[in-house]
Amino acid sequence: MTYFNEFLDGELRSDVFNDPEKIKEAADIIQKLHLIAQELPFDRFADVKAKIASKYHDLERQLIQEFTAAQRRGEIGRMREVAAVLLHFKGYAHCVDVYIKQCQEGAYMRNDVFEDTAALCQRVNKQVAEVFSSPETVMAKLIQNIFENKLQAHVKEKLDGTRHSDAEQYLKNLYDLYTRTTALAAKLTEFNLGSDKHTFLSKLIKSIFSYYLESYIDMEREYLRNRGAMILQRYYDSKITRNVRLALAGSAPTFPLGPSIDTHGETFLSPELVVNLLQETRHAFERCHRLSDPSDLPKNAYSIFLLLVEHLCVDHIDYALEIGLSAIPSSDAKNANLYFLDVVQQANSIFHLFDKQFNDQLMPLIRSLIPKAGRVLTQEKEVIEQMEVKLDTGIDRTLNCMVGQMKHILATEQKKTDFRPEDENNVMIQYTTACSKVCAYVSRQVEHVRKSMDGKNVDTVLMELGVRFHRLIHEHLQQFSYSSMGGMLAICDVAEYRRCAKNFRVPLVLQLFDTLHALCNLLVVAPDNLKQVCSAAAPVQENCPWSCFKGRLSTIRL
């Protein structure tokens, strides 16, 4: 009441209000007087209430100044003492604000706001625990201040500058900034920030990035669509030649396909283009995983996958297959160059890469949603099956061309006198020229098939080629009449064909030529002994082993 009377009289005589050394005692008194004054009626005590309030704010200001000076001097004890006094004042929050502002001075000298923030919080954490009675509240407020000011300004500067001018750089920056921000938040969880620090930090991150994340997937898709179209355009522009004219409509190229075109050995499949498309998609999947809301992740990842299918499978592989099919010559073409197997080889390699990315990067993102995963698996299966149909067609037509070339060799090189020589006592050759050239041609094609395919596809195609090869030779030999020496020469030719068939490494093909060789042995059997030899020989199968191949080629598997 004595102190109250001094305010009532308007003259502060007590030393406690006039001695700077007694500011702590004065603060304790004025804080209590301020609480008492709040209860007094305004009409009778307006003047004294105003004087007490004025002194209250004056002491509060002096205490904050004292705290600031102690902080600059690094006097932890004095800071703790003043903070304890200010704790009961309304300006305590301002004291914390001053501390937060001052501790950041000089903390951001490097060009890395994330590293600087981590170092600052690590340094300040111990000091906060020594100075303040509720250090977790102060640390949380410090981190909130950094996120809402330093980090938000940094993110805005980096993203707003490229958002409408450079989509690629914008997406890279968004991914990098979000990744580094979440990594920083993970580091900050080691500090005491209250009971639910993970939720607290998540809200701070969301407050910075929500605006950018809302439109992320739309920008991602738009960028991928434009980037894929540019990669395709650049490649096809480089392939425009005198004989091949390409016109691009949007991202999908069109080709003036005629009955048969000459691609000059060009497969129109580019490993570099494929790597670029897959690389862009891989980065997109990484960004999608990081930046998508968990509930939207499967949907967003699937939309990226559809763009990959469009650019890689439809606009590139399928297009190359269409060109390759159109470039396959007719079966009666002479000295035809068969490049479709090169298309098969490259398409197969590309599909291995496509399948690897599908399983390694897409499926982990959508596996949690079984219906979506099932739909994606069905989509991939349909894409592959569509490609396989064209590969089957192209390989079937290529094999027809091979057989046509063999037929051409036989027609031009095989003479009727080969198997009815005029001088049967002067035959010096082991096998005919036609046989030699056919075997050389077949051997080259067998190696071509082996280089172009892998796995069971090699055996599938070689078996089909071997069956057609056998059928051709079987029908060819039936056109001739044979003398005794000519029959021996035919047996020698078939023996050479059989040696050639061994290169196929397909049991069925070798079996067919073994049977044909056994049949040719009948050419040198005397007519009187023919019935006896036939009955003693192994029975020839009624159902020809290659009858199942009279239809189209068995499916090639990618």
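Residues numbered from 1 in each chain as written. Predicted model: local features only at pLDDT ≥ 70, side-chain atom pairs only at ≥ 80, totals over all residues. Heavy atoms only, no water.

The protein chain goes by Exocyst complex component 5 in an unreviewed UniProt entry, where it is assigned to Oryzias melastigma.

### Some remarks on the nonpolar core
Residues Tyr99, Phe132, Ile143 and Phe469 are the most contacted members of the largest nonpolar core, which totals 154 residues. Sorting elements by how many residues they give to this core places helix α12 (residues 297-327) first, with 16 residues. When sequence neighbours within four positions are dropped, the list of residues in contact with Ile143 reads Cys121, Leu188, Leu193, Phe200, Leu201 and Leu204. (Core = buried A, V, L, I, M, F, W, Y, C linked by side-chain atoms within 4.5 Å. Buried < 20%, exposed > 50% of the residue type's maximum accessible area, 1.4 Å probe, protein only. Helix = DSSP H or I, 4+ residues; strand = E, 2+ residues; numbered from the N terminus. Contact = heavy atoms within 4.5 Å.)

### Let's talk about the packing of aromatic side chains
The description of an aromatic ring pair uses the distance of the two centres, along with the angle that the planes make with each other. The tally for this structure, following the rule as stated, stands at 17 aromatic pairs. Relative to Phe132, the ring of Tyr99 has its centre 5.2 Å away and its plane inclined at 75°; by these criteria the two rings are edge-to-face. Residue Tyr99 is found in helix α5 (residues 92-103), and its partner Phe132 is found in the loop between α6 (113-131) and α7 (135-160); the two are separated by 33 residues along the sequence. In this pair, the class of Tyr99 matches that of Phe132, namely buried. Pairing Phe419 with Phe480 gives two aromatic rings, centres 5.2 Å apart and planes at 70°, and the pair type is edge-to-face. Pair noted here: Phe419 is in the loop between α14 (370-413) and α15 (433-452) and Phe480 is in the loop between α16 (456-477) and α17 (484-502), with a separation of 61 residues, a long-range link. (Phe/Tyr/Trp six-rings, centres within 6.5 Å; stacked < 30°, edge-to-face > 60°.)

### Observations regarding the pattern of salt bridges
Going through the model one piece at a time under the given rule, you end up with 23 salt bridges. One salt bridge in this structure joins Lys141 and Asp97, with 3.0 Å as the shortest N-O distance. With a gap of 44 residues between them, Lys141 in helix α7 and Asp97 in helix α5 connect regions that are remote in the sequence. Exposure remark for Lys141: the relative accessible area of 32% places this residue in the partly exposed category. Note that Asp160 is salt-bridged to Lys156, the shortest N-O span being 2.8 Å. Remark: Lys156 and Asp160 occur in helix α7; sequence separation between them is four residues, near one turn of the helix. (Salt bridge = Lys/Arg side-chain N within 4 Å of Asp/Glu carboxyl O.)

### Description of α15
Its 20 residues place the ends of α15 29 Å apart at the C-alpha level, agreeing with the 28 Å of an ideal helix rising 1.5 Å per residue. Buried within α15 are the following residues: Ala434, Cys435, Val438, Cys439, Tyr441, Val442, Gln445, Val446, His448, Val449 and Ser452. (Expected span 1.5 Å × (residues − 1).)

### Focus on the confidence of the model for the protein chain
Here the protein chain shows a mean pLDDT of 82. Residues at 70 or above account for 79%. Per-element confidence in the protein chain is highest for helix α8 (residues 167-188), whose mean pLDDT is 96, and lowest for strand β1 (residues 247-249), whose mean pLDDT is 37. Note that pLDDT drops below 50 for residues 241-253; the model gives that stretch 30 contacts with residues more than four away or on any other chain. Note that pLDDT drops below 50 for residues 538-554; the model gives that stretch 27 contacts with residues more than four away or on any other chain. (pLDDT = per-residue confidence, 0-100.)

### Considerations on the packing of α15 against α17
The relative placement of two packed helices is expressed as an angle between their axes plus a distance between the axes. α17 packs onto α15 with a crossing angle of 10° between their chain directions and a minimal axis gap of 10 Å. In terms of orientation, α15 and α17 fall into the roughly parallel class. Here Ala434, Cys435, Val438, Cys439, Val442 and Ser443 of α15 come into contact with α17, specifically with Asp493, Glu496, Tyr497 and Cys500. Of the residues belonging to the contact of α15 with α17, the class tally is seven nonpolar, one polar and two charged. (Axes fitted to C-alpha atoms, helices over the stretch in contact; angles between N-to-C directions. Parallel < 35°, antiparallel > 145°, perpendicular 65-115°, else oblique. Nonpolar A, V, L, I, M, F, W, Y, C, P; charged D, E, K, R; others polar.)

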